[in-house]
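So you can see what is in the structure, the chains are spelled out below.
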Amino acid sequence: MQTLNDERYLVRLGAAEVLGRAGWEPRTESETVSYLIAKEQWASVAGSGPVRSDR
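Trainee: I'd love a proper account of the overall build of the chain, names of residues and values included.
Mentor: Of regular secondary structure, the chain possesses three helices and zero strands. Traced from its N-terminal end to its C-terminal end, the chain shows the element sequence α-α-α. Burial analysis of the chain (55 residues in total) assigns 25% to the buried set. In the chain, the share of contacts with a sequence separation of at least 24, taken over all contacts with a separation of at least 6, comes to 26%. Accessible area of the chain: about 4,000 Å², with a carbon and sulfur share of 53%.

Structure follows, in structure tokens:
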């Protein structure tokens, strides 16, 4: 999901909102972290531990 990693905040947020409403589930830990960051769920991000970046 490249839109979750877009440099523009509103693009990331919009993508996360649409994906969440559509019932999308992240397939990788990296997608999960990108989704949580886009949704600004910082406590969940911090609890996920170190993640390998796919970028």
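There is more to say, and it comes next.
Trainee: For the packing of aromatic side chains, give the residues involved together with the corresponding values.
Mentor: Tallied over the full model, the rule gives one aromatic pair. Where W24 meets Y35, the ring centres are 5.7 Å apart and the plane angle is 55°; that geometry is what we call tilted. Remark: Y35 occurs in helix α2 (residues 29-38) and W24 occurs in the loop between α1 (9-21) and α2; sequence separation between them is 11 residues. Overall, Y35 belongs to the buried group, its relative accessible area being 15%.

Trainee: So what about α1? Which residues, and what values?
Mentor: In this model, α1 (13 residues) spans 18 Å end to end at C-alpha, consistent with the 18 Å of a helix rising 1.5 Å per residue. Listed as buried for α1 are R12, A15, A16 and L19. Angularly, the buried residues of α1 cover 100° about the axis, an arc narrow enough to put them on a single face. Every exposed residue of α1 that faces more than 90 degrees away from the buried side is listed here: L10 and R21. Those residues of α1 that are buried lie in contact with α2. Where α1 ends, the next residue or the one after it, G23, has phi of about 80°, a positive value.

Trainee: Could you give me a rundown of the side chain of E31, with the residues and numbers involved?
Mentor: Within the fold, E31 resides in helix α2. The contacts of E31, once residues within four sequence positions are left out, are M1, L4, W24 and P26.

Calculation rules
- Residues numbered from 1 in each chain as written.
- Predicted model: local features only at pLDDT ≥ 70, side-chain atom pairs only at ≥ 80, totals over all residues.
- Heavy atoms only, no water.
- Helix = DSSP H or I, 4+ residues; strand = E, 2+ residues; numbered from the N terminus.
- Buried < 20%, exposed > 50% of the residue type's maximum accessible area, 1.4 Å probe, protein only.
- Contact = heavy atoms within 4.5 Å.
- Areas by Shrake-Rupley, 256 points an atom, 1.4 Å probe, with all protein chains shown as cover.
- Phe/Tyr/Trp six-rings, centres within 6.5 Å; stacked < 30°, edge-to-face > 60°.
- Expected span 1.5 Å × (residues − 1).
- Arc of directions from axis to C-beta.

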